[in-house]
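# Summary of structural features
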Amino acid sequence: MNPIKPEDAFKNIISHSKEYGFIFQSSEIYDGLSAVYDYGQLGAELKKNIREYWWQAMVQMHNNIVGIDAAIFMHPTTWKASGHVDAFNDPLIDNKDSKKRYRADVLIEEHIGKLEDKIEKEVEKAAKRFENFDANLFRSTNQRVLDYQKKIDEIEARFKNALNANNLEEVKQIILDLEIVCPISGSRNWTDVRQFNLMFSTSMGSVSEDSNTIYLRPETAQGIFVNYLNVQKTGRMKIPFGIAQTGKAFRNEIVARQFIFRMREFEQMEMQFFVKPGTEMEWYAYWKNTRLNWHLSLGLGAEKYRYHDHAKLAHYANAACDIEHRFPFGFKELEGIHSRTDFDLKQHETFSGKKLQYFDPELNQSYVPYVVETSVGLDRLFLAILSSALKEEALEGGDTRSVLSLPPALAPYKAAIFPLVKKDGLPELAESIYTSLKFDFNVAIDEKDTVGKRYRRQDAIGTPYCITVDHQSLEDKTVTVRHRDTMQQERIAINALSDFLQQRVHLKSLLKTL
RNA sequence: GCGGAAGUAGCUCAAUUGGUAGAGCUCCAGCCUUCCAAGCUGGAGGUUGCGGGUUCGAGACCCGUCUUCCGCUCCA
């Protein structure tokens, strides 16, 4: 048998996701919407269980961490303070020959810079020629300098107007008119200028005016920062403490691909941990370790994880690393752990004019706390779990089965109940077992097709246990329980089923391993 | 965004130089059946991604467009 190529394995995951109702492309009947996906009936369950495990591990297991649920809409100034407005609002242009991308404004400014250099050279030359040289007088009278300066002023004015009017065609025309060439290819074969603002915007209120523009949050973190003092005071939190949150965030990615790995609408699960300045590196190390252990607890295999320490740090961080997971397409970021210093809170202090300080009773002084962030992509985690769990297993006799070895606590259905045959009162007994279990567990019932087929169907969606009612069940009130991964069966009393499942499929079974 | 590949039933795929869109699995209704997808009968499911064009005739050829995967690029 040929080994499955990674590319095929990934395609297999995508088609499995669709075939069994985990993930569908958004608006599929309209040809889909690029890089947007919907979770189907089983995907929604799995995703919910993953989120719940994260939440309990964070909030329920730590008495100094609480959870919030901030709105997606935030005051527009939030994104000025966070740096998102300025940093991600650039007009970009590509050179078709070198395939390099440039910021259009930088290209134009560099061109202006060259003109300014020429002026300086004129000034230098003149300074050598004349004694008692008056540079200012020269600048204001020399014709060549005046011509250059006039050109600069014209370009700047034109560029400013184009940007203010958001006229990207004009920006491109400026580049063409100035005969700016790509430094690498030397060609003037440019694409159109495009504005890549990674934030989605919409307008609040019925009248759309500039002042009403608000953004869909590009990260959930800011909802925690702006609330940190509310939570600290009303929750009587003492540093160190954490605020956790799960929720949607939106980024208008230039290139969004690889199934649900990079989507335009995605869900983050993050926790901001507020600490005393100077202690942040200890907590950074603590969370780095704690979070990896959480991932390892899922049992997907330690070899699937590694740290990637950032050599180049973002402006707000003094330490950062990713926990990477080996996806079918290689090791990629799953979770980020960042020591964000007091950058965010300081920025919000500046922009809001409000003090965001914490009074430390031990030190008897106030300070802006430092922040250590853990931020995991729920959709990425979903993909990591799904792709690691899905196996094509060769069985004796040349048969294969498709089995989704999900951690039982995360599986959409905890158990499926089958009457062995559809007669002799077996369906009725199966129904009564289903009814008694459904209050505590998400369970399925299926009487269609041979029992072998039903086992395989449940294997493919990751149901850890199949409970089969047979003729013996009618006599001694026992059933067989078949294990998904081993395909082994054991006989259990019907009234012991609830305890059996409780011990194996409850989130507690995972939480206890942390 | 650039380059490459692809899109036919829920899934995996056929369809000869352009000549009536098919199969297997799945699904549905039954029959049979005492534990690992394989028996029997019947049935449903398609404007071949979408829109144009060439042609007597297009799933196939041409143009555009959407979507997906791969490489490059980007990624606070």
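Our subject is the structure listed above.
Below is a summary of the structure that appears in this document.

### Examining the overall build of chain A
In terms of helices and strands, chain A carries 18 helices and 23 strands. On C-alpha atoms alone, chain A measures out to a radius of gyration of 31 Å, which is more than a quarter above the 24 Å that the 2.2 N^0.38 rule sets for 514 residues. Overall, chain A is about 115 × 60 × 50 Å in size when its C-alpha atoms are taken along their principal axes. Counting across all 514 residues of chain A, residues that qualify as buried make up 48%. Sequence-distant contacts in chain A: of pairs separated by 6 or more residues, those separated by 24 or more amount to 64%. Split by element, the accessible area of chain A, about 26500 Å² in all, is 49% carbon and sulfur. A distance of 1 Å separates the average location of the 67 positive side-chain charges in chain A from that of its 72 negative side-chain charges.

### Describing the environment of Glu-122
Take Glu-122: it is sitting in helix α5 (residues 104-129). Relative accessible area serves as the criterion here: at 8%, Glu-122 is assigned to the buried category. Ignoring anything within four residues of it in the chain, the contact list for Glu-122 reads Phe-138, Arg-144, Val-145 and Tyr-148.

### Things to note about the packing of aromatic side chains
Enumeration over the complete set of coordinates arrives at 18 aromatic pairs. Here Trp-54 and Trp-55 contribute two aromatic rings whose centre-to-centre distance is 6.4 Å and whose plane-to-plane angle is 55°, an arrangement assigned as tilted. Ring centres 5.2 Å apart and planes at 25° place the aromatic pair Phe-241 and Phe-274 in the stacked group. On the criterion of sequence distance, the pair formed by Phe-241 in strand β9 (residues 241-250) and Phe-274 in strand β10 (residues 265-275) is long-range, its members being 33 residues apart. Taking relative accessible area as the criterion, Phe-241 reaches 0% and is therefore assigned buried. The lysine or arginine in question, Arg-380, covers the ring of Phe-261, its NZ or CZ lying 3.9 Å from the ring centre.

### Thoughts on a positive patch on the surface
Taken together, Lys-114, Lys-118, Lys-121 and Lys-151 make up a surface patch of like positive charges. At three residues, α5 tops the list of elements feeding residues into the positive patch. In this fold, Lys-151 is placed in helix α7 (residues 143-164).

### Notes on the sheet that holds β10
On the basis of which strands lie adjacent, the open sheet formed by seven strands has the order β3-β9-β10-β16-β13-β12-β11 and mixed pairing. Of all strands in the sheet, those bounded by a partner on one side alone are β3 (65-68) and β11 (305-309). Across the sheet, the mean angle separating the axes of adjacent strands is 25° when strand polarity is ignored. Here β10 pairs with strand β16 (residues 370-377) via eight bridges, running antiparallel.

### Digging into the layout of surface pockets
By volume, the largest pocket amounts to about 1200 Å³. What lines the largest pocket is a set of 46 residues, and nearest its centre among them are Glu-219, Arg-251, Tyr-316, Glu-333 and His-338. If you list the elements that add at least two residues to the lining of the largest pocket, you get α4 (84-87), β10, β12 (319-327), β13 (330-341), α12 (343-352), β16 and α13 (378-389). Sorting elements by how many residues they give to the lining of the largest pocket places β13 first, with seven residues. Of the residues assigned to the lining of the largest pocket, the class counts are 19 nonpolar, 11 polar and 16 charged.

### Looking at helix α17 (residues 497-505)
Every buried residue of α17 is listed here: Leu-497, Phe-500, Leu-501 and Val-505. Each buried residue of α17 lies within a common arc of 90° when the element is viewed along its axis, so the set occupies one face. Relative to its buried face, α17 has exposed residues pointing more than 90 degrees away, namely Asp-499 and Gln-503. Contacts from the buried residues of α17 go to β19 (415-419), α14 (426-437), β21 (465-469), β22 (478-483) and β23 (489-493).

### Some details on the nonpolar core
Core analysis: the biggest nonpolar cluster contains 57 residues, and Phe-22, Ile-50, Leu-298, Leu-381, Phe-382 and Leu-410 have the highest contact counts within it. Counting 26 residues, the second largest nonpolar core, distinct from the first, contains Leu-107, Val-123, Tyr-148 and Ile-174.

### Points about the sheet that holds β21
Ordered in space as β20-β19-β21-β22-β23, the five strands form an open sheet in which the pairing is mixed. Taken across any chain shown, the strands that pair with only one partner, and hence form the sheet edges, are β20 (443-445) and β23. Recorded for the sheet is a direction-independent mean angle of 25° between the axes of neighbouring strands. Two elements, β19 and β21, share five bridges in a ladder whose sense is parallel. Within β21, the residue paired with Ala-416 across the bridge is Cys-466. The strands that α14 touches are β19, β20, β21 and β22; relative to β19, the one it contacts most, it runs at about 160°. Sitting on the sheet, helix α15 (residues 451-461) is in contact with β19, β20, β21, β22 and β23, with an inclination near 170° to β19.

### Observations concerning a negative patch on the surface
Where like charges cluster on the molecular surface, the negative patch consists of Glu-109, Glu-110, Glu-116, Asp-117, Asp-153, Glu-154 and Glu-156. Of all the secondary structure elements, the ones that give two or more residues to the negative patch are α5 and α7. If you tally residues by element for the negative patch, the top one is α5, at four residues. Inspection of the secondary structure assignment puts Asp-153 in helix α7.

Conventions and cut-offs
- Residues numbered from 1 in each chain as written.
- Chains lettered and ligands numbered in written order.
- Predicted model: local features only at pLDDT ≥ 70, side-chain atom pairs only at ≥ 80, totals over all residues.
- Heavy atoms only, no water.
- Helix = DSSP H or I, 4+ residues; strand = E, 2+ residues; numbered from the N terminus.
- Rg over C-alpha atoms; globule rule 2.2 N^0.38 Å.
- Buried < 20%, exposed > 50% of the residue type's maximum accessible area, 1.4 Å probe, protein only.
- Contact = heavy atoms within 4.5 Å.
- Areas by Shrake-Rupley, 256 points an atom, 1.4 Å probe, with all protein chains shown as cover.
- Lys, Arg positive; Asp, Glu negative; His and termini not counted.
- Charge placed at Lys NZ, Arg CZ, Asp CG, Glu CD.
- Phe/Tyr/Trp six-rings, centres within 6.5 Å; stacked < 30°, edge-to-face > 60°.
- Lys NZ or Arg CZ within 6 Å of the ring centre and 35° of its normal.
- Patch = residues over 30% accessible without salt bridge, like charges linked within 9 Å, V, L, I, M, F, W, Y side chains within 5 Å.
- Salt bridge = Lys/Arg side-chain N within 4 Å of Asp/Glu carboxyl O.
- Pairing = 2+ DSSP bridges.
- Axes fitted to C-alpha atoms, helices over the stretch in contact; angles between N-to-C directions.
- 1 Å grid on protein atoms, 1.4 Å probe; cavity = no way out; pocket = protein on both sides within 12 Å on 5 of 7 lines; lining within 4 Å.
- Points joined across faces, edges and corners; volume = space filled by probe spheres on them.
- Nonpolar A, V, L, I, M, F, W, Y, C, P; charged D, E, K, R; others polar.
- Arc of directions from axis to C-beta.
- Core = buried A, V, L, I, M, F, W, Y, C linked by side-chain atoms within 4.5 Å.

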